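Report on the structure
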Amino acid sequence: MAARALLLPLGAAGALLLPLAFGNPYALSVVILALLYAYLALSWNLIGGITGQLSLGHAAYFGIGAYTSTVLFADLGLTPWLGMLAGAVLAGIAAVVIGLPCFRLRGAYYALATLAAAVILKVVVENSNELLGGPRGLDVRLLHDAPLYFQHTSKLFYYYVVLLLVGGALAANRWCLRSRFGYYLTAIRNDQEAAAALGVDARRYKLLAAVLSAAMTAIGGTFYAQYALFISPEKVFGVHLSVQIAVICIIGGRGTLWGPLLGALLLLMVVMRFEPRGVIALLGRALSGSRRLSGKAAKVRREAA
Amino acid sequence: MSLLEFRDVTRQFGGLRAIDQVSFEVRENETVGLIGPNGAGKTTLFSMASGFLAPSAGEIWFSGARIDGRPAPEICRRGLVRTFQIVRPFGEMSVLDNVMIGSFLHHRDRAEARADALAVLRRFGMAERAGQPARTLTLAGRKRLEVAKVIATRPRLLMLDEVMAGLTRVEMDEIIALIRSLRDDGVTILLVEHNMHAVMALSDRVVVIHHGRKICDAEPEVAANDPAVVEAYLGGDEE
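For chain B, the name recorded in an unreviewed UniProt entry is Amino acid/amide ABC transporter ATP-binding protein 1, HAAT family, with Tistlia consotensis USBA 355 as its organism.

With an unreviewed UniProt entry as reference, chain A is termed Amino acid/amide ABC transporter membrane protein 2, HAAT family, source organism Tistlia consotensis USBA 355.

What follows is the structure in structure tokens.
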């Protein structure tokens, strides 16, 4: 018991001091991306793991988060900290709009419908040149060291922010698994009709879980936008991302508290086997598909401006 | 007074009339046996009363409210619950967690729901299996769990769909004793059962369904000697 009680503070202290172990910023950036994936997998776990609804469209919420905070910052000067909350609310609404028709479907049909929803959103953003920058994407205006605007030149800043996000997502999952809400979600995963026969309003609880999961995923989207300082439809709405979030959670153990974290850790260990530069390229590809290309496009635009 | 009432209920599946203008009632504190040959429409009646199927025509009333076509969770919250003929445990969850899904209906707090569920399990003689995954139970255990889950919702009327099918004589006697004790606690029971011994032992009244129609509604001894019932079970000339 005593050993268990020590585990949490020790783990937390270790996580806080971890950056000291890294001499170069590349390693830290790999860890940051791995933690972001852990956070996204934990968010996905609420609906995809505990509730058992295999969503393959979570990039939709990630993209909504990234675009909402970025556009609000660019057009209104609103700090992304607040834009992040706006994105979370919008993603929650999107989860209801997507969930109402999709939750009528089961299994593979549900998965495909959510996948389609994310693809549709991507196409919409790609075709909105005026408002959202179209397929080229959007740059986040550089402010250098501006923590109040969710920006910093030091990677340490992002490391601690994403650490906080992971901690929050763990707490949310833990609360969920130990509450009536989580018991109901687990029952729905096991047998929706049997749950309904015991008074569980399955549709309502699935929607609640989806909204919570989507809002958390959107916050991850804002984090990504502020960290990469550039977003494009392919990067933040891409099918890769949707699948990757789900796969990390499934590999680690869906429906469990530590599974999503374990999945991200496995990813990190695989990636760490490579040389640091290769690591960045690999993660970059994993996240977007064409990171170098979009980076070049951004550079060309900056030179033109 | 009447707790559950079917009024001219009809259910059509395409060209097949599974239930044809069936009317009967279940009074408070009564145990009614619903019997009939295979395919008579007993489970269809259950599904309609519990919100899993809407009648094509007719009305179903429970405790003064019309419930046909209402969603299943709402009907459960009103105090009318059903078990499934093919048992449906939440397989990955423990026996205790299964019962807690039922007891959460009256408790938001996990500790209270757990205490309530444990009390139900003790009563069902399953307390020592509380931590075991539900899928590892024997058939008799799963049938028992099916009843424990719905009892945890504290129903006023319990609809049991063949909870004795596939059980040995000893297991059956145990579950008959259990159902008796539930009845003594004031739970009204509507029982679908193939086993005549069980139906006769438990029911105050028997409703017989054949080809979707009600052919008899009487005390068990009367029903057993009714020519129409005998013919339905043993087969008439045309069959």
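A few words on the pairing of strand β7 (residues 157–161) of chain B. All names here are of chain B. Of all the 5 residues making up β7, 5 are buried; the element is thus mostly covered by neighbouring parts of the structure. Here strand β6 (residues 80–82) pairs with β7 via 3 bridges, running parallel. Residue pairing across strands places Arg 82 opposite Met 159, the latter belonging to β7. In this view, the connection linking β7 to its parallel neighbour strand β8 (residues 188–192) by way of helix α6 (residues 169–184) has right-handed handedness.

Attention now moves to the interface of chain B and chain A. Taken together, the contact between chain B and chain A spans 25 residues of the former and 18 residues of the latter. With both sides pooled, the region where chain B packs onto chain A buries about 2000 Å², and carbon together with sulfur makes up 62% of that total. Notably, a salt bridge pairs A:Arg189 with B:Glu92, separated by 2.8 Å at the nearest N-O pair. Counting across the interface, chain B meets chain A through 9 residue pairs in polar contact (both at pLDDT 80 or more). Put simply, the parts of the chain that give the side of chain B that touches chain A at least two residues each are α2 (72–78), α3 (95–103), α4 (110–123) and α5 (139–151) of chain B. Among the residues making up the side of chain B that touches chain A, the classes are represented as 13 nonpolar, 4 polar and 8 charged.

Looking now at the packing of aromatic side chains. Residue and element names in this part refer to chain A. Under the criterion given, the structure shown has 19 aromatic pairs over all chains. Consider the rings of Trp 81 and Phe 150, whose centres lie 4.0 Å apart with planes at 15°: the pair is stacked. Taken together, the residues Trp 81 in helix α4 (residues 80–102) and Phe 150 in the loop between β1 (138–139) and α7 (155–177) connect sequence positions 69 residues apart. Owing to a relative accessible area of 1%, Phe 150 belongs among the buried residues under this scheme. Taking the ring centre of Tyr 205 as reference, the NZ or CZ of Arg 204 above it sits at 5.2 Å.

Now for the nonpolar core. A:Phe223, B:Ile101, B:Leu158 and B:Met164 are the most contacted members of the largest nonpolar core, which totals 132 residues. Tallying contributions element by element places helix α2 (residues 25–50) of chain A first for this core, with 18 residues. Among all residues touching A:Phe223, those that are not within four sequence positions of it are A:Ile32, A:Leu36, A:Phe150, A:Tyr158, A:Val161, A:Val162 and A:Leu165. With 26 residues, the next largest nonpolar core counts B:Val9, B:Leu34, B:Val207 and B:Ile209 among its residues.

Time to look at the pairing of strand β9 (residues 205–210) of chain B. Residues and elements named next belong to chain B. Across the 6 residues that make up β9, a large majority, 6, are buried. Burial along β9 is two-sided: Arg 205, Val 207 and Ile 209 facing one way and Val 206, Val 208 and His 210 facing the other are all buried. Across 4 bridges, strand β3 (residues 31–35) lies against β9 in parallel orientation. Bridge pairing links Gly 33 to Val 206 in β9. Here β9 runs beside strand β10 (residues 213–218); their pairing, made up of 5 bridges, is antiparallel. Among the inter-strand pairings, Val 208 is bridged to a residue of β10, identified as Cys 216. Where β9 folds back on β10, the antiparallel hairpin that results is connected by 2 residues, among which His 211 adopts a positive phi of roughly 50°.

All names here are of chain B. Strand order in the open sheet formed by 6 strands is β6-β7-β8-β3-β9-β10, with mixed pairing between adjacent strands. Every interior strand has two partners, whereas the edge strands, β6 and β10, have only one. Here the average twist between neighbouring strands, direction ignored, is 15°.

This brings us to the UniProt feature "transmembrane region" (unreviewed entry) in chain A. Here, the residues flagged by UniProt with the feature "transmembrane region" (unreviewed entry) are residues 27–47, 54–74, 80–100, 107–125, 157–177, 207–225 and 245–271 of chain A. The span residues 27–47 of chain A carries 100% helix and 0% strand; its end-to-end C-alpha distance comes to 31 Å.

Scoring rules and cut-offs
Residues numbered from 1 in each chain as written. Chains lettered and ligands numbered in written order. Predicted model: local features only at pLDDT ≥ 70, side-chain atom pairs only at ≥ 80, totals over all residues. Heavy atoms only, no water. Buried < 20%, exposed > 50% of the residue type's maximum accessible area, 1.4 Å probe, protein only. Helix = DSSP H or I, 4+ residues; strand = E, 2+ residues; numbered from the N terminus. Pairing = 2+ DSSP bridges. Right-handed = clockwise from strand over helix to strand, strands pointing away. Contact = heavy atoms within 4.5 Å. Buried area = accessible area lost by both parts, 1.4 Å probe. Salt bridge = Lys/Arg side-chain N within 4 Å of Asp/Glu carboxyl O. Polar contact = N/O pair within 3.5 Å; in protein donor to acceptor, adjacent residues only side chain to side chain. Nonpolar A, V, L, I, M, F, W, Y, C, P; charged D, E, K, R; others polar. Phe/Tyr/Trp six-rings, centres within 6.5 Å; stacked < 30°, edge-to-face > 60°. Lys NZ or Arg CZ within 6 Å of the ring centre and 35° of its normal. Core = buried A, V, L, I, M, F, W, Y, C linked by side-chain atoms within 4.5 Å. Axes fitted to C-alpha atoms, helices over the stretch in contact; angles between N-to-C directions. UniProt positions renumbered as here; feature names shortened; annotations may be inferred.

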